[in-house]
Amino acid sequence: MADSTRANWRAADEFLAETLVGHDPALEAALAAQAAAGLPAIEVAPVGGKLLDLLVRISGARRILEIGTLGGYSTIWLARAVGEGGTVVTIEAEPDNAAVARANLDAAGVGERVEIRIGRAAEVLPILDGGEPFDLVFIDADKESNTLYLDWAARLGRRGTVVVVDNIGRDGEIVHADSEDPKVRGTREGLEMLGRDPRFDATALQTVGVKGWDGIAIALVV
Ligand code: DHB
Ligand code: MG
């Protein structure tokens, strides 16, 4: 009989990470620095970081936008995947988080390809310097603003841009249309937008693992 407990989700996820991702001193040091600075451990799981890496490489992305830097763990994954000559622009509302991320990115040897923009994404997105469209956008910030961020992802992207949204499951709370939790409401509204807005073609997968029960949406700008 399958024993579907959180402990087993974690154990299976750890097996997958050991088997497919392996140990990485720079990423582990980034997590240690993030914890030492008192930031919450809400970064993507190792298998989620590897998913971002693969999506960047499968799509051939050269210019990446991340909304929500935290301590830079996912940013390191993105910056490595984009390779030399690629760029990551990452937006972080909290200056203290941005300082942790900057140190982590520099220590990981990818600092030069990452521009951290400090400020509320709602204020930074409209003033991002022109430049080429983004090839991949990773949305992982305040869930209340997911529809706003999706709109910007479409506007700052192009046909073929890949959009990834973290945390779309929220312990299954997304089924509650009348939820009063603003994060659940924002997440639902983002998913509904992905289903309805003709600029996107999308799917979403639930995940269980070291981060509990959650999920990830992947969309293509069409
Ligand atoms: C939360 C945000 C995240 O990006 C995450 O991965 C997990 C939780 C949150 O705000 O609750
Ligand atoms: Mg997240």
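Conventions used here
Residues numbered from 1 in each chain as written. Chains lettered and ligands numbered in written order. Predicted model: local features only at pLDDT ≥ 70, side-chain atom pairs only at ≥ 80, totals over all residues. Heavy atoms only, no water. Donors = N, O, S within 2.8 Å, 3.2 Å for Na, K, Ca; no water. Buried < 20%, exposed > 50% of the residue type's maximum accessible area, 1.4 Å probe, protein only. Helix = DSSP H or I, 4+ residues; strand = E, 2+ residues; numbered from the N terminus. Pairing = 2+ DSSP bridges. Right-handed = clockwise from strand over helix to strand, strands pointing away. Core = buried A, V, L, I, M, F, W, Y, C linked by side-chain atoms within 4.5 Å. Contact = heavy atoms within 4.5 Å.

With respect to the coordination of the magnesium ion (ligand 2)
Here comes step 1: At this site the magnesium ion (ligand 2) is bound by Asp140 (OD), Asp166 (OD) and Asn167 (OD1), with donor distances of 2.0 to 2.1 Å.
Here comes step 2: As a motif over one chain, the donors of the magnesium ion (ligand 2) read D-x25-D-N. Asn167 carries the same exposure label as Asp166, and that label is buried.

A short note on the pairing of strand β1 (residues 63–67)
Here comes step 1: Judged by how many residues are buried, β1 sits mostly within the fold: five of five residues are covered.
Here comes step 2: Alternating positions in β1 separate into two faces, Arg63, Leu65 and Ile67 on one and Ile64 and Glu66 on the other, with burial throughout.
Here comes step 3: Pairing of β1 with strand β2 (residues 87–92) involves five bridges; the strand directions are parallel. The partner of Arg63 across the bridge, within β2, is Thr87.
Here comes step 4: With four bridges connecting them, β1 and strand β4 (residues 136–139) associate as parallel partners.

A word on the pairing of strand β5 (residues 162–166)
It is a general feature of regular strands that their side chains alternate between the two faces of the sheet.
Here comes step 1: In terms of residue burial, β5 counts as a mostly covered element, since five of its five residues are buried.
Here comes step 2: Burial along β5 is two-sided: the face carrying Val162, Val164 and Asp166 and the face carrying Val163 and Val165 are both buried.
Here comes step 3: In this sheet, β5 lies alongside β4 in parallel orientation, the contact comprising four bridges. The partner of Leu136 across the bridge, within β5, is Val162.
Here comes step 4: The β-α-β motif built from β4, the intervening helix α7 (residues 146–156) and the parallel element β5 has right-handed crossover chirality.

So, the nonpolar core
Here comes step 1: Ranked by size, the top nonpolar core spans 28 residues in total, and within it Val56, Ile64, Leu78, Val88, Leu136 and Val164 carry the most contacts.
Here comes step 2: At the level of secondary structure, the elements contributing two or more residues to this core comprise α2 (25–36), α3 (46–59), α4 (73–82), α5 (95–107), β3 (114–118), β4 and β5.
Here comes step 3: Of all the elements, α4 adds the most residues to this core, at seven residues.
Here comes step 4: Non-local contacts of Val56, meaning those with residues more than four positions away in its chain, are made with Ala61, Ile64, Leu78, Ala81, Val82 and Leu136.
Here comes step 5: In terms of nonpolar packing, the next biggest core, distinct from the first, is built from 26 residues, Leu65, Ile139, Ala154 and Ile168 among them.

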